Amino acid sequence: MYRYDDIDKAMLADRAAEFREQCARRLAGEIDEDQFKPIRLMNGLYLQLHAYMLRIAIPYGTLSSEQLRKLAHVARRYDRGYGHFTTRTNLQLHWIKLADAPDILDDLASVGLHAIQTSGNCIRNLTADPHAGADADEVDDPRIWAEAIRQWSTFHPEFSFLPRKFKIAVIAAPTDRAATRIYDIGLRLHRGEAGELAFEVLVGGGLGRTPYLGSTIRQGLPARHLLSYLQAILRVYNRHGRRDNAWKARIKVLVASLGAEEFARQVEEEWARTDTAPVDLPDIELARIRAAFAPVGFETLPPVSALFEAAKSEDRAFARFARNNVMAHKKAGYAIVNIALKTPGETPGDCSSDQMDVVADLAAHYSLDEARVSYEQNLILPHVKLDDVPAVYAALAAAGLASPNIGLISDIIACPGLDYCALANARAIPIAQAIARTFADPDLADAVGPLKIKISGCINACGHHHVGHIGILGVDKKGEEFYQLTLGGSGGGDEGEASLGQILGPALPAGEVAPAVDQLVGVYLRQREVGERFLDTFRRTGLTPFKEAIYADAH
Amino acid sequence: MKALTANRLADGEVVFWNAAGWAERFADAQVFADDAPALAAEARARGEITMAVDPYLIEVEPVEGGLAPVSYRERLRALGPTNKLQHGKQADGGAAIERLFRAHGAARSSGRVNLIKRK
């Protein structure tokens, strides 16, 4: 994986030293909160309900074992011994003291981590396919391109004050595991007819108050021109994006108002007059970044592991874990091991420092020193020998991390909600816990099959409720927590193209949400045809049978 | 009735205004029956920039055994997150905490004075 060079390290050290001085001035009263707030936000430090929250960037969700151990250390020393992995593949610490923040940034900088551009109207931390470098179908490692964008966009003077925040996701495989259609820009790398690397460029996706799926504005963009094309998009957005109304300032609103075709025309016009050479990545720099992601340390192994197969035969629990959490790897004899941070009853995305240390040790010993964070709030060991999966499973089980529910109904995305977030209208975590407990029996969860529930505590949609098979949105209805359900959303992936959920009906009080989900599952189990997942059945039947089940008493 | 709340500058701790300055427990908050002294306290708190961040008034009401914030959001701030009962002020337990647990209703928007204006 990419390691920060001396320039990166000096930049982080300078930034941490600068923030130390700014914090000291604020604590001494030399600057007030109005002056300090933009500064702390630019260093990822928010003030939430109970304390400061630090949002730490994990670029394209990739961590070395050293970095993950450092996150464990920071959470243990400066917070309360745990952190919360988010849908942006960041780590949030919810109990931070302002006086500790400079020391934390120093600690993070020592391993090439930081909180830069995790807030503010700039290009935020990039996300990418969490299976990058391990998936058989990818045409290239998308992190090469994500890293190039990270370097280009970090402290970019022209794009530091955009109309609104800006998020980019990159994939290089046909299966979209990064939900590229819900991003400001989604980049899909593929090979053209002549075998050259080219991007499909999607623009204008986003959730929140006005959800849109991104539109393709360019097919077949030669990969070498990625940065100049991104510059053209951002220039059009910077020029015409609204700044008078924060709710209408995202690029999705501009693309929707102009129309994707007109937006594309303006981007092409801007790009045509761009001198691309100074902007696009030089071949030598691309080669340097590419070398950092070159596969290292893989052994030549038989495709079948007798040890792995025997463990499946002997241990039913391991067999379930292998079926749900272990996925095919591009290298024979290796597997991708998914770690669900979704033990029923626990907080989705939360991971204790001790658990982070366990995963870091497993990454070091069994996964070529790499761990990943997925936007579905789970961790991944991307390169595990099949022979080693039983040992990895045993270590995960001992740490309470072997929940065999990846992609199942209890693998729920939930934002921190009103338990922590200053913006939220309602709690998300207790709703997730109640649903997960309802389906805690692994046999039941397996019988229901793939079903993605996504919960947001407010319309800002950090919990991606618009693209949940069952989406749940917390609302404040006459002073009480209520929850609006949507059905049929999808972030894409192996479900085909992404889709936005349809509202089921009037919002439900908190206590009725988990029973309602149980009823929706009941409808699905009664209606499903052979081989259908929940989403397939919904797409065939539409809302009606589900709506009737929930609101029958109301009529 | 109103109380004045904020987050402490140095560590973000939820604090409540009283005659001695800022207290960590809602039970120690000064309760204002009239608007004028409440607004005066808010103005004074805003001037003390090294003590607390973004002070604002909240509505409180009688509940069994005492007073509680009207807003559920404010009761959460006075207690701690519901997913980790060992964190926040609720960890101390006691009658004053139990009283806040027993209060109910009003999710977010109610009980925060001048919320829209402040935004």
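Residues numbered from 1 in each chain as written. Chains lettered and ligands numbered in written order. Predicted model: local features only at pLDDT ≥ 70, side-chain atom pairs only at ≥ 80, totals over all residues.

Secondary structure assignment for chain B yields 4 helices and 5 strands. The helix and strand sequence of chain B, counted from the amino end, reads β-β-β-α-β-β-α-α-α. The proportion of buried residues among the 119 residues of chain B is 44%. In chain B, once contacts between residues fewer than 6 apart in sequence are set aside, the share between residues at least 24 apart is 58%. (Helix = DSSP H or I, 4+ residues; strand = E, 2+ residues; numbered from the N terminus. Buried ≥ 20, exposed ≤ 12 C-beta atoms within 10 Å, placed from the backbone. Contact = placed C-beta atoms within 7 Å.)

Along the backbone of chain A there are 18 helices and 21 strands. A compact globule built from 555 residues would reach a C-alpha radius of gyration of about 24 Å, and chain A, at 23 Å, matches this within 12%. Dimensions of chain A, computed from the C-alpha atoms along their principal axes, are close to 60 × 60 × 60 Å. In chain A, which comprises 555 residues, the proportion classed as buried is 55%. The contacts in chain A between residues at least 6 apart in sequence include a share of 68% that link residues at least 24 apart. (Rg over C-alpha atoms; globule rule 2.2 N^0.38 Å.)

All names here are of chain A. Strands sit in the order β1-β2-β5-β4-β13 across an open sheet of 5 strands; the sheet is antiparallel. The strands lining the two open edges of the sheet, one partner per strand, are β1 (45-47) and β13 (350-352). Taken over all neighbouring pairs, the strand axes of this sheet differ in orientation by 30° on average, direction set aside. In this structure, strand β4 (residues 82-85) lies alongside strand β5 (residues 91-96), joined through 2 bridges in antiparallel fashion. The partner of H84 across the bridge, within β5, is Q92. (Pairing = 2+ DSSP bridges. Axes fitted to C-alpha atoms, helices over the stretch in contact; angles between N-to-C directions.)

The next subject is the sheet that holds strand β15 (residues 379-385) of chain A. Residues and elements named next belong to chain A. Spatially, 5 strands are ordered β3-β14-β15-β12-β11 in an open sheet, and the strand pairing comes out antiparallel. Single-partner strands in this sheet number two, and they are β3 (62-64) and β11 (326-328). Taken over all neighbouring pairs, the strand axes of this sheet differ in orientation by 30° on average, direction set aside. The pairing of β3 with strand β14 (residues 370-373) spans 3 bridges and is classified as antiparallel. Bridge pairing in β14 places S64 opposite E370.

Another aspect to go through is the interface of chain A and chain B. In many reports, interface size means the accessible area that the parts give up when they come together. Listed as interface residues are 26 residues of chain A and, on the opposing side, 26 residues of chain B. Counting residues per element, the ones that place at least two in the side of chain A that touches chain B are α14 (429-438) and β19 (480-487) of chain A. Of the residues belonging to the side of chain A that touches chain B, the class tally is 12 nonpolar, 5 polar and 9 charged. (Nonpolar A, V, L, I, M, F, W, Y, C, P; charged D, E, K, R; others polar.)

Residues and elements named next belong to chain A. Those residues of helix α4 (residues 101-109) lying buried are A101, I104, L105, L108 and A109. Taken down its axis, α4 places every buried residue within 135° of arc, on the same side. As for α4, its buried residues are in contact with α1 (6-27), β1, β2 (52-56), α3 (65-78) and β5. (Arc of directions from axis to C-beta.)

Glancing now at the nonpolar core. Counting 206 residues, the largest nonpolar core has A:L54, A:V170, A:I233, A:V337, A:I339, A:V359 and A:Y483 as the members making the most contacts within it. Contacts of A:L54, omitting those with residues within four sequence positions, involve A:G44, A:L45, A:L93, A:I96, A:A101, A:I104 and A:A115. (Core = buried A, V, L, I, M, F, W, Y, C linked by C-beta atoms within 7 Å.)

Moving on, we come to unusual backbone geometry. Residues and elements named next belong to chain A. Phi angles above zero are rare outside glycine, and F155 is one such case at about 55°. Tracing the chain through its elements places F155 in the loop between α5 (142-153) and β7 (168-171). In this model, L368 sits at a positive phi of 50°, which is unusual for a non-glycine residue.

A residue-level look at chain B finds 87% of positions with pLDDT of 70 or above and a mean pLDDT of 89. Listed scores for the predicted complex are pTM 0.96 and ipTM 0.92. (pLDDT = per-residue confidence, 0-100.)

This paragraph deals with the pairing of β19(A). All names here are of chain A. With 7 of its 8 residues buried, β19 lies for the most part within the structure. Linking strand β18 (residues 470-477) to β19, which pair antiparallel, is a turn of 2 residues; within it K478 sits at a positive phi near 50°. Across 2 bridges, β19 lies against strand β20 (residues 502-503) in antiparallel orientation. From the neighbouring strand, L487 faces β20, where its bridge partner is Q502.

Before going further, it helps to spend a moment on the pairing of strand β17 (residues 453-456) of chain A. Within a regular strand, side chains alternate between the sheet's two faces. Residues and elements named next belong to chain A. Judged by which residues are buried, β17 turns out to be covered on both faces: I453 and I455 on one side and K454 and S456 on the other are all buried. Across 2 bridges, strand β16 (residues 413-414) lies against β17 in parallel orientation. Residue pairing in the sheet places A414 in a bridge with I455 of β17.

Here we come to the packing of helix α2 (residues 72-79) of chain B against helix α3 (residues 95-102) of chain B. All names here are of chain B. Close contact between α2 and α3 brings their axes to 10 Å; oriented N to C, the two are set at 155°. Relative to α3, α2 is oriented roughly antiparallel. In terms of crossing hand, the pair formed by α2 and α3 is left-handed. On the side of α2, the interface is formed by R75, A78 and L79, while α3 contributes I97, L100 and F101. Of the residues contributing to the contact of α2 with α3, the split by class is 5 nonpolar, no polar and 1 charged. (Parallel < 35°, antiparallel > 145°, perpendicular 65-115°, else oblique. Left-handed = near helix turned anticlockwise from the far one by under 90°.)

Residues and elements named next belong to chain A. Along the chain, L105 falls in helix α4. Look at L105 and you get buried, because 29 C-beta atoms sit within 10 Å. Taking the C-alpha atoms as reference, L105 lies 44 Å from A516; in sequence the two are 411 residues apart. In this structure, L105 is in contact with A16, F19, N43, H114 and A115, ignoring residues within four places of it in sequence.

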